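# Structural overview
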Amino acid sequence: MEKLSVLRAMAFLMKFVICMLFCCLPASARLNLYLNQIEVRQLLGLSAELYYVRDGVVNQYALNFVVPVPATVSSLHFTWQSLAGTPLPYSIHVMTSNPEALLTPKLNISGEGGVPTTVQTFAVDLSCSGLLNAEVDVNIAINITLQRHPLNVTKLNFQRRKICLKDVVNARTGQEVRGDTGVQQLVVTDATAADSNAALYIAVSCACALVTVLSIAILACYLRNNKTRHHGDMLQESRNGSNCSAQGLAPVPIMSCAGAPLSPRRPSYARLDSCDNRERATDIHHRIAQLTIQRYRVRLKSEVMAGTFGRVYIGTYKDEDGGEEDVLVKTVTDHASTVQVSLLLQEGMTMYSLSHKNILSVLGVSIEDHTAPFLIYPHQGYRNLKRFLQNCKQGVEGVAHTLTTQEVVDMALQAITGMQYLHKKRLIHKDVATRNCVVDDKLRIQITDNALSRDLFPADYHCLGDNENRPIKWLSIESLTHKNFTTASDVWAFGVFLWELTTLAQQPYAEIDPFEMAAYLRDGYRLAQPVNCPDELFAVMAYCWAMSADERPTFSQLLGCLQEFHSQLTRYV
């Protein structure tokens, strides 16, 4: 009996061990799931396949990124194959954030079934209603169960952001939805009538296209002449001096360089962060592939900045030829979440492949399994501008050292040329501040991305109950209330940046509650004129804080205004 009990115990132990082995086997080892070349070309413009699960490896970084889906794309396609020899049970659920803009997504396969053993492609239909313009968050959750053990489930979540536009033909119903009159009108397309009137439609379309082209050409000439004339007015105003003298927390009148009220005719601003920035965001995998470097080539030397989960180091990078160069390394700690890792990579890659003396662009990326990613930047003695300004307050014998006005203007001019380059590349920075700049001993400025800024400078960011940390006190009124970011909102933030330079990085609006900022700005209140700040320089700041985006200067106009002021300073120094 004892032997029988021992044998039963051993048999139970063997079954338990086998069961544990099956539980520990990753489900991804029995599955391939990817986007084929056609789908990748449609979404990302690349000729490649993008694997989410490949030969036993789940690409967690790929799953963390939100991929925009253009308005012209109405369906998503995924390719998969079971490598287990038999179909693997699956379930699919699709959730959206705006059912009014996006119709209920449809699958061309059942919501539950088995992953086929041959390579097959399934589709998710994402047809818009056409009632409104919106960006709809779409989450596709796929749960795949190992056949040998029902508890071993692989959960894959694919995040997409579908762009929906008004009055776009519904691909699912063949009907056109018009939303501009406020009443939903369904116009059923009659194929026979369309064929009979095809020639008429073509003729009308050609005529409309010709009129549109001529109108655009005339408008472009007008705007170019108007902007040139306005730029000349700016330079003339800057020569006349300024009488701006706002003090305290009283409402600050928005002034031009000459201190006069703004002219109602101002250049308009394009929203550059829509299609172009979304396209740049979608090819982050391609960017990382181009910039990937081997971890053993990077050696960390000393820590220069640290936050709750972010770290910045000075180190060295050894190239393939054996040469070494000093680098700056941004990374996260081991306890950082996947969201924080994803945010580091997304924000760190925003200035990918840029080349300008006033822009600090990422040099390389190191991503290896089970280790935190490294973002590598060139390092030539630069240090964080905000920390530099704060250190200026501690001069000899505790007396604060103030930068000269000429130095401040020169640093501002460098930042302007960097911002001009970004806008020329159709990039909106969205977080222009001294914390996102570096400076060397010769006061040479470089603008950086905002990777890790929320962690390294937590006092500069606030969450207004929407789970999104934002630089509230640097944001323009439209960015604060409607999350609209344009070249004009960057100009507003530059005005706060200039105020930081003159105050040695004091906290803007320190006495104002973040929840009260929108009302405070609407009432006409602005930052007070700093001590020892010339009226001409403060007028430039106030000029950037016009309530209307169209009333703010462009960076080209700011450049001309400050260059004239700088030349006036050099005449007396």
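Details of the structure are given in the entry above.
Residues numbered from 1 in each chain as written. Predicted model: local features only at pLDDT ≥ 70, side-chain atom pairs only at ≥ 80, totals over all residues. Heavy atoms only, no water.

Now for the overall build of the protein chain. Across its full length, the protein chain holds 16 helices and 23 strands. For the protein chain, the proportion of its 573 residues judged to be buried stands at 46%. The contacts in the protein chain between residues at least 6 apart in sequence include a share of 68% that link residues at least 24 apart. (Helix = DSSP H or I, 4+ residues; strand = E, 2+ residues; numbered from the N terminus. Buried < 20%, exposed > 50% of the residue type's maximum accessible area, 1.4 Å probe, protein only. Contact = heavy atoms within 4.5 Å.)

Another point: the nonpolar core. With 65 residues, the main nonpolar core has L385, F494, L498, L501, L537, W545 and L562 as its most contacted residues. Excluding residues that lie within four positions of it along the chain, L498 makes contacts with V408, A412, L537, V540 and M541. The next biggest cluster of nonpolar side chains, apart from the first, holds 35 residues, and it includes Y52, V53, L63 and A134. (Core = buried A, V, L, I, M, F, W, Y, C linked by side-chain atoms within 4.5 Å.)

Attention now goes to the packing of helix α10 (residues 405-424) against helix α16 (residues 555-570). For the pair α10 and α16, the least separation of the axes is 10 Å and the interaxial angle reads 160°. Judged by the angle between their axes, α10 and α16 are roughly antiparallel. Remark: the crossing between α10 and α16 carries left-handed chirality. Across from T405, Q406, V409, D410, A412, L413, I416, T417, M419, Q420 and H423 in α10, the residues of α16 making contact are F555, S556, L558, L559, L562, Q563, F565, H566, L569 and T570. (Axes fitted to C-alpha atoms, helices over the stretch in contact; angles between N-to-C directions. Parallel < 35°, antiparallel > 145°, perpendicular 65-115°, else oblique. Left-handed = near helix turned anticlockwise from the far one by under 90°.)

Across a sheet, strands are paired by hydrogen bonds formed along the backbone, either parallel or antiparallel in direction. Here five strands make up an open sheet; going across it, the order is β4-β11-β10-β6-β8 and the pairing mixed. Two strands in the sheet have a free side with no partner beyond their single neighbour: β4 (67-69) and β8 (112-115). Between one strand and the next, the sheet's axes are offset by a mean angle of 35°, whatever the strand orientation. (Pairing = 2+ DSSP bridges.)

Here the focus is the pairing of strand β9 (residues 120-125). Relative to β9, strand β5 (residues 75-82) runs antiparallel, the two sharing six bridges. Opposite S75, over in β9, you have D125 as the bridge partner. Taken together, the two bridges between strand β7 (residues 106-107) and β9 define a ladder with antiparallel strand orientation. Its bridge partner lying in β9, K106 is registered against D125.

One pass over the full model with this rule turns up one disulfide. The disulfide partner of C128 is C164, and the S-S distance across this bridge is 2.1 Å. The S-S bond linking C128 to C164 shows a torsion near -75°; that makes this disulfide left-handed. A residue pair is termed long-range when its members are at least 10 positions apart, and C128 in the loop between β9 and β10 (134-145) and C164 in strand β11 (residues 153-164) qualify at 36 residues. Accessibility assignment for this pair places C128 and C164 in one class, buried. (Disulfide = S-S within 2.5 Å.)

For A528, the location among the structural elements is in the loop between α14 (517-522) and α15 (535-544). A528 sits 10 residues away from F538 along the chain, and the two C-alpha atoms are 8.9 Å apart.

A separate point is α15. Judged by how many residues are buried, α15 sits mostly within the fold: eight of 10 residues are covered. Inspection of α15 places L537, F538, A539, V540, M541, A542, Y543 and C544 among the buried residues, and these make up the whole buried set.

Here D490 shows up in helix α13 (residues 487-503). One buried charge, D490, has no salt-bridge partner; the nearest side chain with opposite charge is K430, at 8.8 Å. There is a polar contact of 2.9 Å between the side chain of D490 and the side chain of H423. Excluding residues within four positions of it along the chain, D490 makes contact with M419, H423, I428, H429, K430, V432 and F555. (Lys, Arg positive; Asp, Glu negative; His and termini not counted. Salt bridge = Lys/Arg side-chain N within 4 Å of Asp/Glu carboxyl O. Polar contact = N/O pair within 3.5 Å; in protein donor to acceptor, adjacent residues only side chain to side chain.)

Position of S453 among the secondary structure elements: in helix α11 (residues 453-456). Classification of S453 as buried rests on a relative accessible area of 3%.

Right, let's talk about the pattern of salt bridges for a bit. As enumerated under the stated definition, the model contains 11 salt bridges in all. In this structure, the salt-bridge partner of R435 is D431, at a minimum N-O distance of 2.8 Å. We classify R435 as buried; its relative accessible area is 3%. Take D431: its relative accessible area is 3%, and that puts it in the buried class. With a closest N to O distance of 3.1 Å, R435 and D460 form a salt bridge. Taken together, the positions of R435 in the loop between α10 and β20 (437-439) and D460 in the loop between α11 and β22 (462-463) put the pair 25 residues apart, joining distant regions of the chain. Like D460, R435 is buried.

When two helices pack together, you describe them by how their axes are tilted relative to each other and by the distance separating the axes. One can describe the packing of helix α9 (residues 385-392) onto α13 by two numbers: an axis separation of 9 Å at closest approach and a directional angle of 30°. Judged on the interaxial angle alone, α13 and α9 are roughly parallel. Seen from α9, the contacting residues are L385, K386 and L389; seen from α13, they are F497, E500 and L501. Residue classes in the contact of α9 with α13 are distributed as four nonpolar, no polar and two charged. (Nonpolar A, V, L, I, M, F, W, Y, C, P; charged D, E, K, R; others polar.)

For P378, the position within the fold is in strand β18 (residues 374-378). The class of P378 is partly exposed, set by a relative accessible area of 31%. Sequence separation between P378 and G364 is 14 residues; the distance between their C-alpha atoms is 9.2 Å. In this structure P378 touches D326, L360, S361 and L363, once residues within four positions along its chain are discounted.

Attention shifts here to unusual backbone geometry. Positive phi values are uncommon outside glycine, yet L452 reaches one of about 75°. The residue K483 is not glycine, and still its phi comes out positive at about 60°. Within the fold, K483 resides in the loop between α12 (477-482) and α13. Residue class for K483 comes out partly exposed when judged on its relative accessible area of 37%.

Given two aromatic rings, their pairing is described by the distance between the two centres and the angle made by the two planes. The final tally for this structure, using the stated rule, is 11 aromatic pairs. Among the aromatic residues, ring-to-ring pairing joins Y52, F78, W80, Y90, F122 and F158 into one connected group. Between the NZ or CZ atom of R54 and the centre of the ring of Y51, over which it lies, the distance is 4.3 Å. Taking the ring centre of W474 as reference, the NZ or CZ of R435 above it sits at 4.1 Å. (Phe/Tyr/Trp six-rings, centres within 6.5 Å; stacked < 30°, edge-to-face > 60°. Lys NZ or Arg CZ within 6 Å of the ring centre and 35° of its normal.)

Just geometry here; none of it tells us what the structure is for.
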